[in-house]
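Next come the chains, spelled out residue by residue.
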Amino acid sequence: MTVALLPVATAPTARRDNTWLRVLRRPLGAVSLVFLALLVLAVAAAPLIAPYGPLTQDLQATFAGPSAQHLLGTDNLGRDILSRLLHGGQVSLLGVAYAVAVLLIGGVPTGLVAGYHRGRIDAVVVRVTDVVLAIPVIITLLVVLATFGQNEVAAMITFGLLGTPGMIRVVRAATIAIRADLYLTAARVAGLSTTQIIRRHVLPRVAGPIIVRAFLFAGAALLTESGLAFLGLGVQEPEPSWGGMVASASIYINQHPSLLIPAGVTIALTVLAFGLVGDAVRDAIGGRHLRYAGSARPAPHPVDSGTDEETPSALLSVRGLSVGFPGETGFTTVVNDVSFEVRAGETVGLVGESGCGKSVTARAVLGLLASGGAVTTGRCWFDGEDLRITGRNRCADIRGSQVGLISQEPSASLDPNLTVGRQLAEIVRRHRTVSRSQARVEALDLLQKVQMPEPVAVAGRYPHELSGGMAQRVCIAAALAGRPRLLIADEPTTALDVTVQAEILDLLRHLQETTGMAILLVTHDWGVVADLCHRAVVMYAGQVVESTEVEPMFRRPLHPYTDGLLKSNPHRVVVGERLPAIAGTVPPPHEWPRGCHFHPRCPLAGPDCMETAVPIFEPTPGRLTRCLHHDRLAVGARHA
Ligand SMILES: Nc1ncnc2c1ncn2[C@@H]1O[C@H](COP(=O)(O)OP(=O)(O)OP(=O)(O)O)[C@@H](O)[C@H]1O
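Basis of the calculations
For every chain, the first residue of its written sequence is number 1, and the numbers climb from 1 along that sequence. It should be noted that, the model being predicted, local features are given only for residues of pLDDT at least 70 and side-chain atom pairs only at 80 or more, the latter also being counted only at that level, while totals for whole chains, interfaces and linings use all residues. Once C-beta atoms are placed from the backbone, each residue is buried if 20 or more other C-beta atoms lie within 10 Å of its own, exposed if 12 or fewer, and partly exposed for counts between those two. Segments assigned H or I by DSSP are reported as helices when at least four residues long, segments assigned E as strands when at least two residues long, and all are numbered from the N terminus. When DSSP locates at least two bridges between a pair of strands, those strands are taken to pair. UniProt positions are given in the numbering used here, feature names are shortened, and annotations may be inferred rather than shown by experiment. Under this scheme, a helix contributes an axis fitted over its contacting stretch, all axes are lines through C-alpha atoms, and angles between N-to-C directions fall in the 0 to 180 degree range. The labels follow the angle: roughly parallel below 35 degrees, roughly antiparallel above 145, roughly perpendicular from 65 to 115, and oblique for the rest. Left-handed describes a crossing in which the near helix is turned anticlockwise from the far one by less than a right angle; the clockwise case is right-handed. Whether two residues are in contact is decided by their C-beta atoms, placed from the backbone, lying within 7 Å. A helix's residues, less one, multiplied by 1.5 Å, set its expected span. It is the directions from the helix axis to the C-beta atoms that the arc portrays. The angle between axes fitted to the seven-residue stretch ending at a residue and the seven-residue stretch beginning at it gives the bend at that residue. Note on terminology: a nonpolar core is any set of buried Ala, Val, Leu, Ile, Met, Phe, Trp, Tyr and Cys residues joined through C-beta atoms within 7 Å. Throughout the structure description, domain borders are defined by an automatic or database domain assignment. A residue's pLDDT is the predictor's confidence in that residue, given on a scale from 0 to 100.

As named in an unreviewed UniProt entry, the chain is ATP-binding cassette domain-containing protein, taken from Amycolatopsis pithecellobii.

Set out below in structure tokens:
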């Protein structure tokens, strides 16, 4: 599924290293984090460790400098500054905590849902955040304080609310950047619910930007809280707060300027520490969470196609499927009027050059089209049930249980944060009500089923510790967890070396023979088709051009494209002989020619091929072709 992955997918890197440990390894980050931790502890323990009460006055000792009795001196009423700082910190830091809590509660779930689902929810969230961002913060806070009788909690909750659009944008962008990653698709295919996927697979990946944003926002919240207190809003004298202490000290700035130092420096250092911890977290996680994807939206326009009834004996029946994507030249149809079926227990190869629409067809059936993609026409039945693929594809309900998927990038299909055993156990528990320990046992069974060497050791490993072949075995094990009746395998051996390819193909054949499941195999490799498939469906430029059983197709293809592909099959190479190739390349969807899509490359093309679209027809029972001149293809041409 090359194209579907292009916008944002990069192989997730393994992340075993703890972010906080990496923050602590940075001197500034470590100092700031320790400073904040000590500050919070000291402020929380103020009633226990403060030498005096925050309101205790000693009018004999006003404006006293630092001494053994008053480590930071006293203020204009002889109150101990250290004690007031510790008690005042409770007010100030609690205000910050309220604001950050609201920011996280309001911003994180909204950003996750918008970024993960996109579509209408996302559009609404983006509009609302735009509106909230336009609200002037200070004026709103003044109104809230006036309305709620100088209630600082109300002010800081409002400040948190006004900050949520920023958090939503950060979380949404980070989620969009990873939502197309293969392991999320794999989790969807495995049948995990949206909530489970977001909680277990998306949230840990976007936690870095969330932490950074929260710390930077905490600094801003402290400055705002102090600013309000300085203006005499919020907490009122004689109750201590850091901003209020600065305000009181500023009255005596000419006579006792040093009075400003304790509260002023505390505020400055705390804001600085929040910022430095945020920076350290950002440095520790690097920029890898901040990849962005485009935001194309579907604007479907229908393409004429027939949607016959399902084939009664088929497990999967696809009729008249057309799929499009928005692009620079408007909404473009990339799969046009595709029909085929897969019967129970058989392997069907979906064959064609790169860009012919094989992966989009498979994804459309699974209801996993990339953002913006839409099924414009067509129907699809699974075991007699209409999947309603033009609407909310019902395949989502049976993915993982009845239908499994394995892709061409096994390593990217696994969550880098979880061990193999945990991922498999999670999928098992999704499909069956079993205890955690039973799920672990079943995970090991699955690894044995896919003939994994040393299954117990492999279960404890992370995806980056596996070879490509082992990762593909794990993906197959994951696909088998729900005991599917149909396995869709999208170029499952493309990323593997030749010997491992053979092993994986052997494994698929073995699994099919032992479980009886059907396989839809997306491939461009005729060797794989000859080796594994009962029937082949050949696609060219978005259309099915031929479909039949493999043996007669190899013996006598009924479409010049199939004929050309078979002749150029590298498996037929003879040393010293030039391998024939089909002239030209597959045209991109917006350049499909009128009439037969293949005619510019076709040796048999006549004027009739260039006029009107060529329908698919059945020259002999069970053999379908989209060629007007198939009878001119050489009889008896054996390609196997
Ligand atoms: N997300 C997308 N947005 C726009 N166009 C897309 C998208 N995904 C696929 N396409 C287009 O759909 C067409 C078919 O792509 P598809 O991936 O199905 O081809 P394929 O036959 O599977 O090739 P490959 O083996 O290289 O993946 C291509 O022209 C491709 O550019």
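Visitor: Which residues make up the pairing of strand E3 (residues 347–351), and what values go with them?
Guide: With respect to burial, E3 is a largely interior element, five of its five residues being buried. Two elements, E3 and strand E8 (residues 518–523), share five bridges in a ladder whose sense is parallel. Across the sheet, the residue bridging to valine 348 is leucine 520, located in E8. Where E3 meets strand E9 (residues 535–540), four bridges bridge the pair, whose relative direction is parallel. Within the sheet, the bridge partner assigned to leucine 350 lies in E9 and is valine 537.

Visitor: Tell me about the UniProt feature "transmembrane region" (unreviewed entry) in the chain, residues and numbers included.
Guide: As recorded in UniProt, the sites labelled "transmembrane region" (unreviewed entry) are residues 28–50, 93–116, 128–147, 153–171 and 259–281. End C-alpha atoms of residues 259–281 are separated by 34 Å, and the span's content is 91% helix alongside 0% strand.

Visitor: Please set out the packing of helix H10 (residues 194–230) against helix H11 (residues 242–251) residue by residue, giving values where relevant.
Guide: Two elements in contact, H10 and H11, have axes whose closest approach is 7 Å; the angle formed by their N-to-C orientations is 45 degrees. As the angle between them shows, H10 and H11 are arranged oblique. Considering how the two elements wind past one another, H10 and H11 form a crossing that is right-handed. In this structure, H10 contributes Glu225, Ser226, Gly227, Leu228, Ala229 and Phe230 to the contact, and H11 contributes Trp242, Gly243, Gly244, Val246 and Ala247.

Visitor: Tell me about the environment of leucine 505, residues and numbers included.
Guide: Looking at the secondary structure, you find leucine 505 in helix H19 (residues 498–515). Classification of leucine 505 as buried rests on a count of 20 C-beta atoms within 10 Å. Along the primary structure leucine 505 and leucine 532 are separated by 27 residues, whereas in three dimensions their C-alpha atoms are 7.5 Å apart. Among all residues touching leucine 505, those that are not within four sequence positions of it are Thr493, Val528, Asp531 and Leu532.

Visitor: How would you explain H19 if you had to name every residue and give the values?
Guide: Here H19 spans 26 Å end to end across 18 residues, near enough to the 26 Å set by a 1.5 Å rise per residue. What H19 keeps buried is the set Gln501, Ile504, Leu505 and Leu508. For H19, the angular spread of the buried residues around the axis is 100 degrees, confining them to a single face. Residues Thr499, Glu513 and Thr514 are exposed on H19 and point more than 90 degrees away from its buried face. The inward-facing, buried residues of H19 abut helix H18 (468–480), strand E7 (486–490), E8 and helix H20 (526–532). Count one or two residues on from H19 and you reach glycine 516, which has phi positive near 75 degrees.

Visitor: Before we move on, can you summarise helix H5 (residues 81–117) with the specific residues and values?
Guide: Spanning 37 residues, H5 covers 52 Å between terminal C-alpha atoms, matching the ideal 54 Å at 1.5 Å per step. When the local axis directions of H5 are compared, the greatest deviation, roughly 25 degrees, occurs at glycine 88. When you tally the buried positions in H5, you get 28 out of 37 residues, the bulk of the element. Where H5 ends, the next residue or the one after it, arginine 118, has phi of about 50 degrees, a positive value.

Visitor: Provide a residue-level description of unusual backbone geometry, including the pertinent values.
Guide: Of all residues except glycine, most have a negative phi; of all peptide bonds, most are trans. At glutamine 451, a residue that is not glycine, the phi angle is positive and equals roughly 55 degrees. Its place among the elements puts glutamine 451 in the loop between helix H16 (436–449) and helix H17 (455–459). Since 15 C-beta atoms lie within 10 Å of it, glutamine 451 is described here as partly exposed. One non-glycine residue, glutamate 491, lies in positive phi territory at about 45 degrees. Along the chain, glutamate 491 falls in the loop between E7 and H19.

Visitor: An account of the sheet that holds E7 is needed here, citing residue identities and associated values.
Guide: Strand pairing in a sheet relies on backbone hydrogen bonds. The paired strands run either parallel or antiparallel. Reading across the sheet, the eight strands line up as E6-E7-E8-E3-E9-E10-E12-E11 and stay open at both edges, with mixed pairing between neighbours. Every other strand in the sheet has two partners, leaving strand E6 (403–406) and strand E11 (617–620) as the edge strands with one partner each. If you compare each strand with its neighbour and ignore which way they point, the axes differ by 20 degrees on average. Here strand E10 (residues 543–549) pairs with strand E12 (residues 623–625) via two bridges, running antiparallel. The residue of E12 that forms the bridge with glutamate 546 is threonine 625. Of the strands in this sheet, E6 and E7 touch H18, which is tilted by about 170 degrees from E6.

Visitor: How would you summarise the sheet that holds strand E4 (residues 374–382) if you had to cite specific residues and measurements?
Guide: Strand order in the open sheet made by the four strands is E2-E1-E4-E5, with antiparallel pairing throughout. Of all strands in the sheet, those with a lone pairing partner are strand E2 (330–343) and strand E5 (385–386), marking the two edges. As paired strands, E4 and E5 are joined by two bridges and run antiparallel to one another. When the sheet's bridge partners are listed, tryptophan 381 is paired in E5 with aspartate 386.

Visitor: Please give an account of the nonpolar core that cites residues and values.
Guide: One finds Leu424, Ala477, Ala478, Leu486, Leu520 and Leu521 to be the most contacted residues of the largest nonpolar core, which totals 174 residues. Both domain 1 (24–54 + 82–285) and domain 2 (410–483) contribute no fewer than three residues apiece to this core. Among all residues touching leucine 424, those that are not within four sequence positions of it are Ala443, Leu446, Ala477, Ala478 and Ala481.

Visitor: Any details on the confidence of the model for the chain? Residues and values, ideally.
Guide: Taken as a whole, the chain shows an average pLDDT of 84; of its residues, 90% reach a score of 70 or greater. Taking the mean pLDDT of every element in the chain, the minimum, 32, falls on helix H1 (residues 2–5) and the maximum, 96, on E9. Throughout residues 1–16 the model reports pLDDT below 50, and contacts reaching past four residues in sequence, or to other chains, amount to 39 contacts. This complex was scored by the predictor with a pTM of 0.62 and an ipTM of 0.97.

Visitor: Summarise the environment of leucine 192; cite the residues concerned and give the values.
Guide: Checked against the element boundaries, leucine 192 lands in the loop between helix H9 (182–189) and H10. Overall, leucine 192 belongs to the buried group, with 23 C-beta atoms counted inside 10 Å. Expressed as a C-alpha distance, the spacing of leucine 192 and histidine 431, which sit 239 residues apart in the sequence, is 8.6 Å. Excluding its chain neighbours within four sequence positions, the residues that come into contact with leucine 192 are Ala187, Ile197 and Arg430.

Visitor: Any chance you could break down the pairing of E8 for me, citing the residues and the numbers?
Guide: Of all the six residues making up E8, six are buried; the element is thus mostly covered by neighbouring parts of the structure. Here E8 shows two buried faces, one formed by Ala518, Leu520 and Val522 and the other by Ile519, Leu521 and Thr523. Relative to E8, E7 runs parallel, the two sharing five bridges. By the bridge assignment for E8, leucine 486 is matched with alanine 518.

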